[in-house]
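# Analysis of the macromolecular model
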Amino acid sequence: MSSNESKAVRILPCTDTSGYLLEAGIFGVNLEITRKGFFGGLCAQMLNNRKLFMGEESVDGWSCDGFERITDRPEESLCQSHFVILTDGSMSQTSEVIALQEGREYEAKAWVKAISDTAAITFGIAGMEKTVSVAADSAPYHELSYIFTGTDLENGTFSLRVTGEAAIFEVSLMPTDHFHGMRWDVIKALRRIAPTALRFPGGCAADHFDWKESLKAPEFRKPADGRSKAWFLFRDTYHQDALDIGLNEFMLLCRELGAEPEFTVSLILSDGEDARRLVEYCNGDATTEYGSKRQSLGLDPFGIHLWYIGNEAYFFGGEYQSSAAAAARTDELIAAMKSADPTIAVAIGLTWGYSYQAWAFDFMARLKSPFDYVSYHDYIGILPDATQGDNGMATCEILESNFADGECFGLNFYRNQLYANSFENIRICVDEWNYSWGKDSSNALFFSNALQFHFLAKSKETYHVDRAEFFMPVNEGMITVQGNICKIESTGELFRLMAGHKNGYVIPCTADSEAVDILCTRHQDHLYLSVVNRSDTPCTLRFEGYGITSGTEIEVKKYSFESNDYEIHTCKSPEVRGHSMAFFTLK
């Protein structure tokens, strides 16, 4: 049969079973501060390394002349960072993130201190700069700012020039209509995808996120230093993050989206008392010490229910790579956090990897505290740039059979070994899942995500999965942000259309072909089906006993990691094309 011919597939929903509720918690996302997820993604800030933190001889991301880089006087910087002294010198940055729109208002800022008697500071976008004369005085710094109306511009250049001598501490360029430092177009895209929960500050980034620092005004926050994970964490921002999105901004985003907040507490950065204060700040009322600090900012209690205790400590945990130390610290944090709010739920961090299974057994043998969830991370790809499997098969070919047997090695380890005698009491939260981290949107990524999402939705009874967080929404699968462009990608549309299953009851559904993977949910007056075609041959579907009231297909044009060519359209017939996915409402 050629790939242009259609294969007939008979589908029979098994409506004589009650099924189980598909929890809304499975529709979460992991909002990690990493790579292009925040700067160049969610953040409205347009200037990379804007606090001048990173660099050896020069300042990473900036072209400088007539400058001296100061690295040993952080007390002089308002954000405890490095800074630059320009003597009749200049600094500039050109980037695709610096993109303006005709008629839109922007604000440029610079925090400076004159060293010569007077210094003329000229800063901004070419043709739209402003010059300010600053006199030397006893003030620790001066904040310079001005608002201007933009013109259409891509790959813009921001520059700052000094006539005289002045210290430059940090700079900023943002549209004036941002939402607490975040882009409205990205927020609108997230709202369309409608995640039910946001995990922050993510996984590995949690070990570099100082929550107390993030409560300061953005210009006073010390940049996060990611050099210890230079190969992946902040690799697109010169191994630093300006911490422009802090805890309060995250909560405002959750409220804007109507999403449940989740937070990861670092084993490395937080001891018991720090974690107790964090929970009290987030959930305590105005009569508590830290709850009153939050309330003084006009913020009601955040009500964060689910807290992750550590992240991948067995690999990234420093002294807590020891299972004994990790278990002791986890006990310390849980006890302290529950003293501030006994109603919270906690998820413990474990692993299923071959090399760390002994770690997991020893950690559990030592852990004394009760817990609500076990964290599980599932990246089914090898590495972000992998295109071949170990057996020489192309990755795209391997993906066609993923989850076909409904089994998962890592979850089997949890069920059959680690918790063999207690699995009935274990709940799993798959708080990181994707083909791989660090990959741009593509048709193969979408196909992999579709099969994995189906598997997770069908895993409640077998593996006790009732929460999941896709990693991650911005610039790694769901939403692509580049300059002024913000686009929901195929995985984002998958997430949006899968929401038709939300709060339905998962029931069995049989097909007379292994070419299709089906998820069926029963609702009060209809059935909702999503169908993934594992093959390159189109499938014509016949639903026994039901008629189609609506249908939508995400059609893959070319199945590969190199192609992102897809189309979303209303189904004119009950057909799903090769490596594509369709959604049907049946009555």
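Given the structure is predicted, the values throughout are model-derived calculations rather than measurements.

### Quick look at the overall build of the protein
Looking only at helices and strands, one finds 13 helices and 31 strands in the protein. By its C-alpha atoms, the protein is 85 × 55 × 50 Å across when sized along the principal axes. The buried share of the protein, reckoned over its 587 residues, is 59%. The contacts of the protein with a sequence gap of at least 6 include a subset with a gap of at least 24, amounting to 75%. Accessible surface for the protein amounts to roughly 22,700 Å². Of this, 47% is attributable to carbon and sulfur atoms. Charge-centre separation for the protein: the mean point of 51 positive side chains lies 4 Å from the mean point of 82 negative side chains.

### Topic: the pattern of salt bridges
In the structure shown here, the tally under the stated rule is 39 salt bridges. E280 is the partner of R276 in a salt bridge, and the nearest nitrogen-oxygen pair spans 2.9 Å. Of the two residues, R276 and E280 are both situated in helix α4 (residues 272-283); the distance of four residues between them amounts to about one turn of the helix. Residues D525 and K587 are paired through a salt bridge, measuring 4.0 Å at the closest nitrogen-oxygen approach. Within this pair, whereas D525 is found in the loop between β25 (516-522) and β26 (527-533), its partner K587 is found in the segment after β31 (581-586), the two being separated by 62 residues in sequence.

### Some thoughts on the nonpolar core
Ranked by internal contacts, the top residues of the largest apolar core, which has 123 residues, are W307, L350, Y414, Y419 and I428. Here this core gets ten residues from one element, more than from any other, and that element is helix α11 (residues 443-457). By size, the runner-up hydrophobic cluster in this structure holds 34 residues, among which are I121, I125, M128 and V171.

### Brief notes about the pairing of strand β15 (residues 260-265)
By the criterion of burial, β15 is predominantly enclosed, with five of the six residues buried. Relative to β15, strand β12 (residues 197-200) runs parallel, the two sharing four bridges. Bridging across to β15, R199 finds its partner in E262. Examined bridge by bridge, β15 and strand β16 (residues 306-309) share four bridges and lie parallel to one another. Bridging across to β16, E262 finds its partner in L306.

### With respect to the packing of helix α7 (residues 323-340) against helix α8 (residues 357-366)
Helices that pack against each other are described as a pair by the angle of their axes relative to one another and the distance between those axes. Between α7 and α8, whose axes approach to 8 Å, the crossing angle comes to 40°. By the angle between their directions, the pair α7 and α8 is classed as oblique. Every pair of crossing elements has a handedness; the one defined by α7 and α8 is right-handed. Taking contact as the criterion, the partners of S323, A324, A326, A327, T330 and D331 in α7 are, on α8, W359, D362, F363 and R366. Looking at the contact of α7 with α8 residue by residue, the class counts come to five nonpolar, two polar and three charged.

### Overview of α7
Between its first and last C-alpha, α7 extends 26 Å over 18 residues, near the 26 Å set by a 1.5 Å rise per residue. If you check which residues of α7 are buried, you get S323, A326, A327, R329, T330, D331, L333, I334, A336 and M337. If you follow the buried residues of α7, they end up packed against β15, α4, β16, β17 (345-349) and α8.

### Quick word on the sheet that holds strand β30 (residues 575-576)
Read from one edge to the other, the open sheet built from four strands follows the order β24-β1-β27-β30, with strand pairing classed as mixed. Looking along the sheet, the strands with just one partner apiece sit at the ends: β24 (509-511) and β30. As defined by bridge partners, strand β1 (residues 7-13) adjoins strand β27 (residues 539-543) across five bridges and the pair is classed as parallel. Within β27, the position partnered with A8 by the bridge is T540.

### Structural notes on the environment of I245
Position of I245 among the secondary structure elements: in the loop between β14 (240-241) and α3 (247-257). Once the C-alpha coordinates of I245 and V171 are considered, the two residues, 74 residues apart in sequence, prove to be 16 Å apart. Here I245 is in contact with I33, F38, C43, H180, G181, M182, F200, F209, R221 and F250, once residues within four sequence places are set aside.

### Let's talk about the side chain of D241
Positionally, D241 belongs in strand β14. Summary of buried charges: D241 has no salt-bridge partner, and the nearest side chain of opposite charge, K51, is 7.9 Å away. From its side chain, D241 meets the backbone nitrogen of L243 in a polar contact 2.8 Å long. Aside from chain neighbours lying at most four places away, what touches D241 is I33, P223, A224 and F234.

Basis of the calculations
- Residues numbered from 1 in each chain as written.
- Predicted model: local features only at pLDDT ≥ 70, side-chain atom pairs only at ≥ 80, totals over all residues.
- Heavy atoms only, no water.
- Helix = DSSP H or I, 4+ residues; strand = E, 2+ residues; numbered from the N terminus.
- Buried < 20%, exposed > 50% of the residue type's maximum accessible area, 1.4 Å probe, protein only.
- Contact = heavy atoms within 4.5 Å.
- Areas by Shrake-Rupley, 256 points an atom, 1.4 Å probe, with all protein chains shown as cover.
- Lys, Arg positive; Asp, Glu negative; His and termini not counted.
- Charge placed at Lys NZ, Arg CZ, Asp CG, Glu CD.
- Salt bridge = Lys/Arg side-chain N within 4 Å of Asp/Glu carboxyl O.
- Core = buried A, V, L, I, M, F, W, Y, C linked by side-chain atoms within 4.5 Å.
- Pairing = 2+ DSSP bridges.
- Axes fitted to C-alpha atoms, helices over the stretch in contact; angles between N-to-C directions.
- Parallel < 35°, antiparallel > 145°, perpendicular 65-115°, else oblique.
- Left-handed = near helix turned anticlockwise from the far one by under 90°.
- Nonpolar A, V, L, I, M, F, W, Y, C, P; charged D, E, K, R; others polar.
- Expected span 1.5 Å × (residues − 1).
- Polar contact = N/O pair within 3.5 Å; in protein donor to acceptor, adjacent residues only side chain to side chain.

Geometric values such as these leave the question of function open.
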